[in-house]
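Close look at the chain arrangement
As a plain string of letters, each chain reads:
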Amino acid sequence: MSETAAKASGSVQAPARGARLSRSARRAQLLLAARDVFAAQGYHAAAMDDIAEKAGVSKPVLYQHFPGKLELYRALLTTYADELVARVRDAIGNTSDNRQRVHAAVAAYFDFVAGEGHAYRLVFESDLRSEPEAAALVDGALTKCIDAVAEVVTQDAGLDVARARLLAVGLVGLSQVTAQYWLDSDQGIPRDEAVGLMSALAWKGLAGFPLIHD
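Residues numbered from 1 in each chain as written. Predicted model: local features only at pLDDT ≥ 70, side-chain atom pairs only at ≥ 80, totals over all residues. Heavy atoms only, no water.

By the naming in an unreviewed UniProt entry, the protein chain goes by Transcriptional regulator, TetR family and is assigned to Pseudonocardia oroxyli.

The first and last C-alpha atoms of helix H10 (residues 191-204) sit 20 Å apart over 14 residues, in line with the 20 Å expected at 1.5 Å per residue. Within the span of H10, buried status applies to Ala 194, Val 195, Met 198, Ser 199 and Ala 200. Where H10 is buried, its residues touch helix H6 (98-113) and helix H9 (161-184). Of the residues one or two after H10, Gly 205 is the one with positive phi, at around 80°. (Helix = DSSP H or I, 4+ residues; strand = E, 2+ residues; numbered from the N terminus. Expected span 1.5 Å × (residues − 1). Buried < 20%, exposed > 50% of the residue type's maximum accessible area, 1.4 Å probe, protein only. Contact = heavy atoms within 4.5 Å.)

Taking 1.5 Å per residue as the helical rise, helix H2 (residues 23-41) with its 19 residues ought to reach 27 Å, and the 27 Å between its terminal C-alpha atoms agrees with that figure. The set of residues buried in H2 consists of Arg 26, Ala 28, Gln 29, Leu 30, Leu 31, Leu 32, Ala 33, Ala 34, Arg 35, Val 37 and Phe 38. Just downstream of H2 lies Gly 42, where phi reads positive at about 85°.

As annotated in UniProt, the feature "DNA-binding region" (unreviewed entry) corresponds to residues 47-66 in the numbering used here. Structurally, residues 47-66 comprises 75% helix and 0% strand, and the distance from its first C-alpha atom to its last is 13 Å. (UniProt positions renumbered as here; feature names shortened; annotations may be inferred.)

Here the focus is the pattern of salt bridges. Pairing of side chains with opposite charge becomes possible as their charged atoms draw close. Per the counting criterion, the structure on display carries ten salt bridges. Residue Lys 59 is joined to Asp 49 by a salt bridge in which the shortest nitrogen-to-oxygen separation is 3.2 Å. Placement of the pair is Lys 59 in helix H4 (residues 59-65) and Asp 49 in helix H3 (residues 48-55), with a sequence separation of ten residues. Taken together, the shared-partner salt bridges connect Arg 74, Glu 131 and Glu 133 into one network. (Salt bridge = Lys/Arg side-chain N within 4 Å of Asp/Glu carboxyl O.)

With that settled, consider the side chain of Arg 101. The residue Arg 101 is located in helix H6 in this model. Polar contacts involving the side chain of Arg 101 include one to the main-chain carbonyl oxygen of Ile 92, which spans 3.1 Å. Among the polar contacts made by the side chain of Arg 101, one reaches the main-chain carbonyl oxygen of Thr 95 at a distance of 2.9 Å. If sequence neighbours within four positions are ignored, Arg 101 has contacts with Ile 92, Thr 95, Ser 96, Val 152 and Asp 156. (Polar contact = N/O pair within 3.5 Å; in protein donor to acceptor, adjacent residues only side chain to side chain.)

It is worth spelling out the packing of H2 against helix H5 (residues 69-93) at this point. Where H2 contacts H5, the axes come no closer than 10 Å and their chain directions differ by 95°. For the element pair H2 / H5, the angle class is roughly perpendicular. Counted together, Arg 27, Leu 31, Ala 34, Arg 35 and Phe 38 of H2 and Lys 69, Leu 72, Tyr 73, Ala 75, Leu 76, Thr 79 and Tyr 80 of H5 form the full contact between these two elements. Its residues assigned to classes, the contact of H2 with H5 shows eight nonpolar, one polar and three charged. (Axes fitted to C-alpha atoms, helices over the stretch in contact; angles between N-to-C directions. Parallel < 35°, antiparallel > 145°, perpendicular 65-115°, else oblique. Nonpolar A, V, L, I, M, F, W, Y, C, P; charged D, E, K, R; others polar.)

On to the packing of aromatic side chains. Counted by the stated rule, this structure contains five aromatic pairs. Relative to Tyr 73, the ring of Phe 38 has its centre 4.9 Å away and its plane inclined at 80°; by these criteria the two rings are edge-to-face. A residue pair is termed long-range when its members are at least 10 positions apart, and Phe 38 in helix H2 and Tyr 73 in helix H5 qualify at 35 residues. Each member of the pair, Phe 38 as well as Tyr 73, is classed as buried. The interplanar angle of 75° and the centroid separation of 5.4 Å between the aromatic rings of Tyr 43 and Tyr 73 together place this pair among those described as edge-to-face. (Phe/Tyr/Trp six-rings, centres within 6.5 Å; stacked < 30°, edge-to-face > 60°.)

On to the packing of H9 against H10. For the pair H9 and H10, interaxial distance at closest approach is 11 Å and the crossing angle is 150°. With respect to each other, H9 and H10 are oriented roughly antiparallel. Judged by the sense of rotation from one axis to the other, the crossing of H9 with H10 is right-handed. Of H10, the residues touching H9 (which contributes Leu 171, Leu 174, Thr 178 and Trp 182) are Arg 191, Ala 194, Met 198, Leu 201 and Ala 202. Of the residues contributing to the contact of H9 with H10, the split by class is seven nonpolar, one polar and one charged. (Left-handed = near helix turned anticlockwise from the far one by under 90°.)

Structure follows, in structure tokens:
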């Protein structure tokens, strides 16, 4: 995970007004504040005043780093889209066992949606998805995740690119949709059990679950 993404995964602790921070530290702090405000209010209802207040800075300081609300949101969206891609790449790159890769890829999505600050909602449920650049950032992240999985499938299963990519789309789609459902259902099933169920489905298919009744 990038340094920026790692910083953005924590909670906002706004320093006192006038506290001196490096430019990179101040930027990370502003992104954290923006994350909380956007997650709570949505893009259109959020105001730069709210973000500045959350961060404990003046509006001129905020505008020194981001010329407008859209630029701030794009920077935040880029941070979390990159984080998701990094999680998936790390998950499938840390083992050569394909069953473990499937489990790790599913787990990466569940960990992302369960992260602090509702980063997942900022990426996939934003009220700004109709804005072309925002949509392109999200679509680009999904494409990179699919590419990473497809590359492994092509190498290990000996499938052609088209078939490997279709399987990759299936795994990424399954992981994303079920992780989102799990989040929206108040996580009634423990995370580890949910990941186990979905990775087993992806690995074995429905035929891998025995019938209780004939």
